[in-house]
Amino acid sequence: MASIWRYILAGLGLAALLVGILAVVYLTAPHSAPGPDTSRSKKTASGLFVASFEPERGVIRQGELQSWLLTLKTAAGAPVEGAAITVSGGMPQHNHGLPTSPQATDYLGGGRYRIDGIKFTMSGWWQLRFGISAAAGSDSVVFNIVL
C-alpha cells in the first residue's frame, strides 16, 4: 500500500513540475501587441463614404516626397465628385505632426483624388487624417501607415 502512494505522489510531483515548466515558457515567450489597423480601404467615421488610400507608384518610400491616391465612394458605391479634402496627421507615438503639408491637388475622375506632398521622414507608425466635404455631407477617415 505504501508503494502505491509513492507512485501517486511521484506522478503528482512530475505533473506539477511539467505545469511549472509550461508556465515559465509561456510567461517568458515574446508576445506581440496588436498593431494599428493598416487597412487601405475603410468606411469614414460616420459611414457617409468608403475611402481607399494607396501610394500612386505602388510603393511607400521613406524620406521622399510622394503622391498618394485617395478614392472616395458613397456608401452605395458611387464615385464622390467635387469633394473638398483636408489632410493632417503625424506620428502618434512621437507626438509630432507631418513634416510637410499634403494637399489634394487633382481630381482624376472616378472618385480618385491625388494627394501631393506626403513625406515620411522616419520609420514607425504614421497617421493620415482626411476631412471630406461633399454633396452627401462632411465626414473624416484616418489611415495608419507603418514603415
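Owing to the predicted nature of the structure, the values given are computational and were not obtained by experimental measurement.

A. The sheet that holds strand β2 (residues 49–55), seen in detail. Taking strand neighbours across the sheet as the criterion, the five strands line up as β1-β2-β3-β7-β6 in an open arrangement whose pairing is antiparallel. Pairing within the sheet leaves two strands with one partner each, and these edge strands are β1 (41–43) and β6 (103–109). Averaged over all neighbouring strand pairs, the angle between strand axes comes to 25°, with direction disregarded. Relative to strand β7 (residues 112–118), strand β3 (residues 66–74) runs antiparallel, the two sharing five bridges. Note that in β7 the partner of Trp68 across the bridge is Ile115.

B. Focus on unusual backbone geometry. The backbone of Asn95 shows a phi angle near 60°, a positive value even though the residue is not glycine. The class for Asn95 is exposed, based on a relative accessible area of 72%.

C. Fine view of the side chain of Arg61. Within the secondary structure, Arg61 is located in the loop between β2 and β3. For Arg61, a relative accessible area of 18% gives the class buried. Here the side chain of Arg61 touches Glu64 through a polar contact of 2.8 Å, side chain to side chain.

D. Main features of the sheet that holds strand β9 (residues 137–146). If you walk across this open sheet you meet the four strands as β5-β4-β8-β9, and the pairing is antiparallel. Edge positions in the sheet fall to β5 (96–97) and β9, since each of these pairs with one other strand and no more. Judged from the seven bridges that link them, strand β4 (residues 84–91) and strand β8 (residues 125–134) form a sheet pairing that is antiparallel. Within β8, the position partnered with Val87 by the bridge is Phe130.

E. Local environment of the pairing of β8. One ladder, built from ten bridges, connects β8 with β9; its direction is antiparallel. The residue bridging Ser133 from the neighbouring strand is Ser138, located in β9. Counted along the chain from β8 to the antiparallel partner β9, the turn is two residues long.

F. Seen up close, the nonpolar core. In terms of nonpolar packing, the biggest core is built from 24 residues, with Phe53, Leu70, Leu72, Ile85, Leu128 and Phe130 touching the most fellow members. Looking at this core, the elements with two or more residues in it are β2, β3, β4, β7, β8 and β9. The element best represented in this core is β8, accounting for five residues. Look past the residues within four positions of Phe53 in its chain and what remains in contact with it is Arg40, Trp68, Leu69, Leu70, Ile115, Ile118, Leu128, Phe130, Phe143 and Ile145.

Thresholds applied
- Residues numbered from 1 in each chain as written.
- Predicted model: local features only at pLDDT ≥ 70, side-chain atom pairs only at ≥ 80, totals over all residues.
- Heavy atoms only, no water.
- Pairing = 2+ DSSP bridges.
- Helix = DSSP H or I, 4+ residues; strand = E, 2+ residues; numbered from the N terminus.
- Axes fitted to C-alpha atoms, helices over the stretch in contact; angles between N-to-C directions.
- Buried < 20%, exposed > 50% of the residue type's maximum accessible area, 1.4 Å probe, protein only.
- Polar contact = N/O pair within 3.5 Å; in protein donor to acceptor, adjacent residues only side chain to side chain.
- Core = buried A, V, L, I, M, F, W, Y, C linked by side-chain atoms within 4.5 Å.
- Contact = heavy atoms within 4.5 Å.

These figures capture arrangement, not role.
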